[in-house]
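# Examination of the molecular architecture
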Amino acid sequence: MIVVLVISILAMVAVPAWQYARQRTQARACEANRTKMNDAKAQWMAATGAVPADEPTMADLVPTYIKEIPRCPRNGTYTIGNGNTRVSCSVHGQ
Ligand SMILES: [Zn+2]
C-alpha cells in the first residue's frame, strides 16, 4: 500500500513537469520552423526582387528555399505574411 502511495506521489510531481517540458520543446520546434520560413521568405524576396508588400505562398518557398512544408508540433497554422511581417503560428504566435 505504501509503495502505491509513493508511486502516485512521484507521478503527481513528474507528470506536470513532463507536460511543461513537452510544451516548451514544441514551442521551440515551432519557433525554429518560423525562423526557417522567415529566412526562406527573405531569400525569396531577394531572388525575385519582390517589394515588402508582396506575399509569397508556401509554393513559392517549398521546395526552392525550404525542403518541405514545416508542420507546427501542436497543429497550428502558419501565416506567411508579406515582407513587412514575420511568419506567425495560430498556436504559438510570432
Ligand atoms: Zn506553432
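Use the structure listed above.
From a predicted model like this one, the values you see are computed outputs, not experimental measurements.

Calculation notes
Residues numbered from 1 in each chain as written. Predicted model: local features only at pLDDT ≥ 70, side-chain atom pairs only at ≥ 80, totals over all residues. Helix = DSSP H or I, 4+ residues; strand = E, 2+ residues; numbered from the N terminus. Rg over C-alpha atoms; globule rule 2.2 N^0.38 Å. Buried ≥ 20, exposed ≤ 12 C-beta atoms within 10 Å, placed from the backbone. Contact = placed C-beta atoms within 7 Å. Core = buried A, V, L, I, M, F, W, Y, C linked by C-beta atoms within 7 Å.

What follows is about the overall build of the protein. Each helix and strand in the protein was counted, giving 2 helices and 2 strands. By the compact-globule yardstick of 12 Å for 94 residues, the protein is too spread out, its C-alpha radius of gyration being 20 Å. For the protein, the proportion of its 94 residues judged to be buried stands at 15%. Counting only contacts in the protein whose residues sit at least 6 apart along the sequence, the fraction spanning at least 24 positions is 55%.

A few words on the nonpolar core. Counting residues in each nonpolar core, the largest one holds 9 residues, listed as Cys30, Met37, Ala40, Trp44, Leu61, Tyr78, Ile80, Val87 and Cys89. Here this core takes 4 residues from helix α1 (residues 2-48), the largest share from any one element. When near neighbours in sequence (up to four residues on either side) are disregarded, Val87 contacts Arg34, Met37, Asn38, Lys41, Tyr78, Thr79, Ile80 and Gly81.

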